[in-house]
Amino acid sequence: MSGAPARVHNLAAARSQFGDLPGRLVPALDRGDPLADAAVAFLSTCPNGHAVVDAALADPARAPGPLADLLASVAGLPAWADPARLERGSHLFLRAGVAGGFVLGLRSLVLGYAAPAGNKPLAFSGRLRERAPRRLAETARFVAAVCERGGLLPGAEGRAITLKVRLMHAQVRRLLLRLPRWDGAAWSLPINQHDMVATSLLFSQVFLDGLRLLGLQVSRAEADDYIHLWRVAGWLLGAEPELLPDREPDARDLAECIFLTQGAPDADSRALTAALLRAPLQVARGPAERRLAELRVTLSNTVCRHLVGNGLADALGVPPARHPFSMPVIVEALSALDRLRGALPPLDASAERAGRHYWQTVVDVGLAGDAATFAMPDRLARRPHAG
């Protein structure tokens, strides 16, 4: 641990607060995903690698070579997975509805961008800054498919999308390691085990706390089940299950340890955050759409500052809105709806249906009729990253 990578900050404080947890996390910065790496190296030699992946996911018996090894490693569910807990975790996500949309876009993703080394693969890919609305819709599609009931079971769409995302990450890692601009001494291995765990926490623990900040009630049992859902998703994404938490207290310790040791936001953090918050302006056409987009940006800025805190929002360059929406009113409205749902069981099922419809609408609008393919990229950004 004396030779910790340059990206690791506040190590002594982390050891004091979290004991041996930094000792488990820091070595993971140099571990990748060998099975996925071998699969994408093989697919790079295939004339139509994307079609090979689609065929293999539809029928794993048709998977060739290293791709077969990857799919065999995630056949079925691991022995520790509990389908009943997965169902309950799915319900929590779906019944959160629009509040979950706020949290995913304006807390989970933003806190991911705040990590000055962990954000580098996305900064180099250029996809958020070049096509922010589509990139955000694809993320929503992935998360909603993972959190759908049965979404991680064999044959489910969420499972197939998750494995495609894993291959996409491996391809990004492969392309980055070929770039002279990739500074391994500063940033460690691209999309390493530490950062895979951090991503899982953004969609689980960070998401849970965001729901609470918006006034939703989340019980300890519900939270544990949702953490469990993302442990299974993280395993499918290539994270080592020994690193992935299964209960909320462990997830909170991991998230806080990672945040403490990651360092302050950098120029890429601010560029990625700005691209996300200003995404509605990219697709606005004409004065009326522009005015509506500006209102959405103002709302996003207001909610983002509430969900990440003013100090981090300032560091990320999130502007204080000149005429902000009232967060107390928004929180009270969401909280009242959630209390009503909890008090009337029929409304609980209705909230799940409404949440499913909400996420489908988010994806449909964001993709504007196109399909989310989650294909392995052939190239990275055309221009250098921000900092």
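The sections below set out a description of the structure shown in this document. None of the values given here were measured: they were computed from a predicted structure. (Residues numbered from 1 in each chain as written. Predicted model: local features only at pLDDT ≥ 70, side-chain atom pairs only at ≥ 80, totals over all residues. Heavy atoms only, no water.)

Describing the nonpolar core
Core analysis: the biggest nonpolar cluster contains 109 residues, and Leu67, Phe93, Phe142, Leu211, Leu214 and Trp230 have the highest contact counts within it. Filtering out sequence-adjacent residues up to four positions away, leucine 211 remains in contact with Leu92, Ala96, Ala99, Gly100, Val103, Leu216 and Val218. (Core = buried A, V, L, I, M, F, W, Y, C linked by side-chain atoms within 4.5 Å. Buried < 20%, exposed > 50% of the residue type's maximum accessible area, 1.4 Å probe, protein only. Contact = heavy atoms within 4.5 Å.)

Quick look at the environment of leucine 312
Its location among the elements puts leucine 312 in helix H20 (residues 310-315). Sequence-wise, leucine 312 and leucine 136 are 176 residues apart; in three dimensions their C-alpha atoms are separated by 21 Å. (Helix = DSSP H or I, 4+ residues; strand = E, 2+ residues; numbered from the N terminus.)

Here we look at the packing of aromatic side chains
Evaluated as defined, the whole model comprises eleven aromatic pairs. Judged by centre distance (5.1 Å) and plane angle (35 degrees), the rings of phenylalanine 203 and tryptophan 230 are tilted. Highlighted residues: phenylalanine 203 in helix H13 (residues 193-203) and tryptophan 230 in helix H15 (residues 220-236), separated in sequence by 27 residues. Assigned by exposure class, phenylalanine 203 and tryptophan 230 land together as buried. Put simply, the rings of Phe93, Phe207, Tyr226, Tyr358 and Trp359 pair up and form one aromatic cluster. The lysine or arginine in question, arginine 231, covers the ring of tryptophan 80, its NZ or CZ lying 3.9 Å from the ring centre. (Phe/Tyr/Trp six-rings, centres within 6.5 Å; stacked < 30°, edge-to-face > 60°. Lys NZ or Arg CZ within 6 Å of the ring centre and 35° of its normal.)

Regarding the packing of helix H1 (residues 11-18) against helix H16 (residues 248-261)
Remark: H1 packs on H16, axes separated minimally by 9 Å, with the N-to-C direction vectors making an angle of 165 degrees. In this view, H1 runs roughly antiparallel relative to H16, as classed from their interaxial angle. In the packing of H1 onto H16, the handedness of the crossing is right-handed. Along its contact with H1, which presents Ala13, Ala14, Gln17 and Phe18, the element H16 presents Asp253, Glu256, Cys257, Leu260 and Thr261. Of the residues in the contact of H1 with H16, the class split is five nonpolar, two polar and two charged. (Axes fitted to C-alpha atoms, helices over the stretch in contact; angles between N-to-C directions. Parallel < 35°, antiparallel > 145°, perpendicular 65-115°, else oblique. Left-handed = near helix turned anticlockwise from the far one by under 90°. Nonpolar A, V, L, I, M, F, W, Y, C, P; charged D, E, K, R; others polar.)

Read these as geometric descriptors, not functional statements.
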